[in-house]
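# Inside the fold
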Amino acid sequence: MHIHILGICGTFMGSLALLARDLGHRVTGSDANVYPPMSTQLANAGIDIMQGYHAEHLQPHPDLVIVGNAMKRGMAAVEYMLNARLPYTSGPQFLAEHVLQHRHVLAVAGTHGKTSTTTMLAWILQYAGIDTGFLIGGVPLVNTTDTRLQAAFAHSSHLGQPTTDEQTGYFVIEADEYDSAFFDKRSKFVHYRPTTAILNNLEYDHADIFADLAAIQTQFHHLVRTIPSHGNIILPADTLSLEQVLAHGCWTPVARTQIVTQGEKGTTNIDWQATLAAEDGSMFHVKHHDEHGTVDWQMNGLHSVQNALAAIAAAHHVGVSVAQACEALSNFAGIKRRMERVGQIGNVEVYDDFAHHPTAIATTLDGARKRFGKRKIWAIIEPRSNTMKLGTHQTLLAPSAAIADTVVWYQPPSLDWSVANAIGDTARQSVMHSTADIIEHIAAQLGNDDVIIIMSNGGFEGIHQRLVARLQQI
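Residues numbered from 1 in each chain as written. Predicted model: local features only at pLDDT ≥ 70, side-chain atom pairs only at ≥ 80, totals over all residues. Heavy atoms only, no water.

For the chain, the Cofactor (unreviewed entry) comment in UniProt is given as "Mg(2+)". According to the UniProt record, the Sequence similarities (unreviewed entry) comment for the chain reads "Belongs to the MurCDEF family. Mpl subfamily." (UniProt positions renumbered as here; feature names shortened; annotations may be inferred.)

Next up, the structure:
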């Protein structure tokens, strides 16, 4: 079958394209924003990508069009698809019908950390010898000599072993609350029908489709209603927004997690606890009833510890011991664009991070401060998400980056509100309208031991590679 994907370079749709190819289909796609790492991954997989959304991309007619949720009425390809009465579906629906049926689905939901937690969980299961399928909204880093793990994580998705008469097939899925398509406004995760579900956190986001937090909580409640009574829901203790979701109705056992920082005592009767052995989260101890384990890994930050604890708990639900899960994470290399070091010039380090919500920016910088101590930290931030573009979080911008020593906010031409007005007269924070100017500003002011963290959920005009190249000239 020939499948054409509209919006193929999105993190979800790109991963779905790889699964469709592995199912034996011929896959092509169109996208208006083609940038690494997804574009590179698709090209390396032999999937043809066309620039833009033109009617001729659907000629000759494919057997099926998978429509990304960024597609809108009025786009040439969409109008042609409808007028020609081509068969079409959403990405989540295709996944549910062609991949997830008859499998034990482990879904990772939450405003923040979905990609990281999904990757950790898939890594734990694969490390434990379970050939789980997975779909990750990013590209995992692999630093191992184990050829089986290298093959499984060669891409951001993996078909894995399906359910057979002899054994259960598993699939780990990043469960996004964003809508499915222009013709299906339900959240993506409603299609997945998980048996094991992580609800990692819940804040207001996606202001382009949700009026308020309550609207998102309604979608999370719809997800909870699909989880069977023999399943498991995992969530952090004392998270009011999630407890309110469960209060609407819950028919599934719930396991709660908690992080205990150094010098604190944990709450009794908590199902899962992680006690920090290092302030920056680079080492922590895990306790679940009589089981114990220690993670000593390359990641840092309390948010990373929370993600890891949830992944360990989910893996335990399908039979992986605490000790083995901790060993797996101690050998975990991370994910591209999640505090990924993209360059080092002398002692200066340049990192790329996907943070694009004030909470994610704050937690990323908090982890960086604990990791890098008194070294000067630069935060270079592009407000690019749909919620950011609408200006929903304007009052939270300056406080979210306060931990950094120097902050440069980028004012893209497409933004119709003033970042400068939003951050006000804030010491150490400034706004620039050109990525070229940002690069030259850093080059002129850089110290010989500084750390630069670039945060955006897009390509940011290739500023990462351009900055590294410029600094190499100094």
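Looking only at helices and strands, one finds 16 helices and 23 strands in the chain. Against the globule reference of 23 Å for 474 residues, the chain gives a C-alpha radius of gyration of 22 Å, in line with a compact fold. Across its three principal axes, the chain shows a C-alpha extent of roughly 60 × 60 × 45 Å. The buried share among the 474 residues of the chain stands at 57%. Relative to all contacts within the chain whose residues are 6 or more apart in sequence, the contacts with residues 24 or more apart total 65%. Accessible area for the chain stands at about 18,900 Å²; split by element, carbon and sulfur atoms hold 47% of it. (Helix = DSSP H or I, 4+ residues; strand = E, 2+ residues; numbered from the N terminus. Rg over C-alpha atoms; globule rule 2.2 N^0.38 Å. Buried < 20%, exposed > 50% of the residue type's maximum accessible area, 1.4 Å probe, protein only. Contact = heavy atoms within 4.5 Å. Areas by Shrake-Rupley, 256 points an atom, 1.4 Å probe, with all protein chains shown as cover.)

Its domain assignment divides the chain into domain 1 (2-86), domain 2 (96-334) and domain 3 (340-472). The straight-line distance from the C-alpha centre of domain 2 to that of domain 3 is 28 Å. Counting residues at the interface gives 15 residues for domain 2, matched by 15 residues for domain 3. When the buried surface of domain 2 facing domain 3 is broken down by residue, His112, Asn300 and His303 rank first, second and third, together holding 30% of it. Viewed at the interface, domain 3 and domain 2 are joined by zero salt bridges. Linking domain 2 with domain 3 are one residue pair in polar contact (both at pLDDT 80 or more). Its residues assigned to classes, the side of domain 2 that touches domain 3 shows five nonpolar, five polar and five charged. (Domains from an automatic or database assignment. Buried area = accessible area lost by both parts, 1.4 Å probe. Salt bridge = Lys/Arg side-chain N within 4 Å of Asp/Glu carboxyl O. Polar contact = N/O pair within 3.5 Å; in protein donor to acceptor, adjacent residues only side chain to side chain. Nonpolar A, V, L, I, M, F, W, Y, C, P; charged D, E, K, R; others polar.)

With that out of the way, let us pick up the environment of Leu42. Considering the arrangement of structural elements, one finds Leu42 in helix H2 (residues 38-44). Between the C-alpha atom of Leu42 and that of Gly29, which follows or precedes it by 13 residues, the distance is 9.8 Å.

Okay, helix H16 (residues 463-471) next. Of all the positions in H16, only Ile463, His464, Leu467, Val468 and Leu471 are classed as buried. Looking straight down H16, one finds its buried side chains confined to an arc of 130 degrees; they lie on one side. Its buried side turned inward, H16 meets strand E18 (340-345), strand E19 (348-353), strand E20 (377-381), helix H15 (435-445) and strand E23 (451-455). (Arc of directions from axis to C-beta.)

The next thing to look at is the pairing of E18. Of the strand pairs in this sheet, E18 and E19 are connected by five bridges, and their pairing is antiparallel. The partner of Gln344 across the bridge, within E19, is Glu349. The antiparallel pairing of E18 with E19 creates a hairpin that spans two residues between the two strands, and Gly346 there sits at a positive phi of about 65 degrees. (Pairing = 2+ DSSP bridges.)

Strand pairing in a sheet takes place through backbone hydrogen bonds and is either antiparallel or parallel in direction. An order of E18-E19-E23-E20-E21-E22 is seen for the six strands of this open sheet, with the pairing classed as mixed. Edge strands, defined here as strands with exactly one partner in the open sheet, are E18 and strand E22 (429-432). Averaged over all pairs of adjacent strands, the angle between strand axes in this sheet comes to 20 degrees, irrespective of strand direction. Bridge analysis of E20 against strand E21 (residues 406-410) gives four bridges, and the strand direction is parallel. Bridged to Ala379 within E21 is Val407. (Axes fitted to C-alpha atoms, helices over the stretch in contact; angles between N-to-C directions.)

Proteins that are soluble and globular tend to have nonpolar side chains buried together. Leu95, Leu199 and Phe220 are the most contacted members of the largest nonpolar core, which totals 47 residues. Counting residues per element, this core draws most heavily on helix H1 (residues 11-22), at seven residues. There are two domains that each give this core at least three residues, and those are domain 1 (2-86) and domain 2 (96-334). When sequence neighbours within four positions are dropped, the list of residues in contact with Phe220 reads Ala109, Gly110, Glu177, Phe189, Leu199, Leu202, Leu242 and Val245. The next biggest cluster of nonpolar side chains, apart from the first, holds 45 residues, and it includes Leu106, Trp123, Ala274 and Leu276. (Core = buried A, V, L, I, M, F, W, Y, C linked by side-chain atoms within 4.5 Å.)

Quick look at the side chain of Thr257 now. Residue position: Thr257 is located in strand E14 (residues 254-260). In this structure the side chain of Thr257 is engaged in a polar contact, spanning 3.0 Å, whose partner is the side chain of Gln306. Beyond its immediate chain neighbours, meaning those up to four positions away, Thr257 contacts Ile234, Leu235, Pro236, Ala237, Ile270, Trp272, Gln306 and Leu309.

With that settled, consider the packing of helix H5 (residues 114-127) against helix H10 (residues 322-330). Axes are the key here: two packed helices are described by the angle between their axes and the distance separating the axes. The interhelical angle for the contact between H5 and H10, taken along N-to-C directions, is 115 degrees, at an axis separation of 9 Å. Taken as axis vectors, H5 and H10 run roughly perpendicular relative to one another. As H5 runs across H10, the sense of the crossing is right-handed. Of the residues in H10, those in contact with Met120, Trp123, Ile124 and Tyr127 of H5 are Gln324, Ala325, Glu327, Ala328 and Leu329. (Parallel < 35°, antiparallel > 145°, perpendicular 65-115°, else oblique. Left-handed = near helix turned anticlockwise from the far one by under 90°.)

The final tally for this structure, using the stated rule, is 13 salt bridges. One salt bridge in this structure joins Arg375 and Glu349, with 2.8 Å as the shortest N-O distance. With a gap of 26 residues between them, Arg375 in the loop between helix H11 (358-372) and E20 and Glu349 in strand E19 connect regions that are remote in the sequence. Of the two residues examined, Arg375 and Glu349, each falls in the buried class. For Glu440, the salt bridge is made with Arg470, and the minimal N-O distance between the two is 3.0 Å. Taken as a pair, Glu440 in helix H15 and Arg470 in helix H16 lie far apart in primary sequence, 30 residues in all. According to the relative accessible area criterion, Arg470 is partly exposed, its value standing at 24%.

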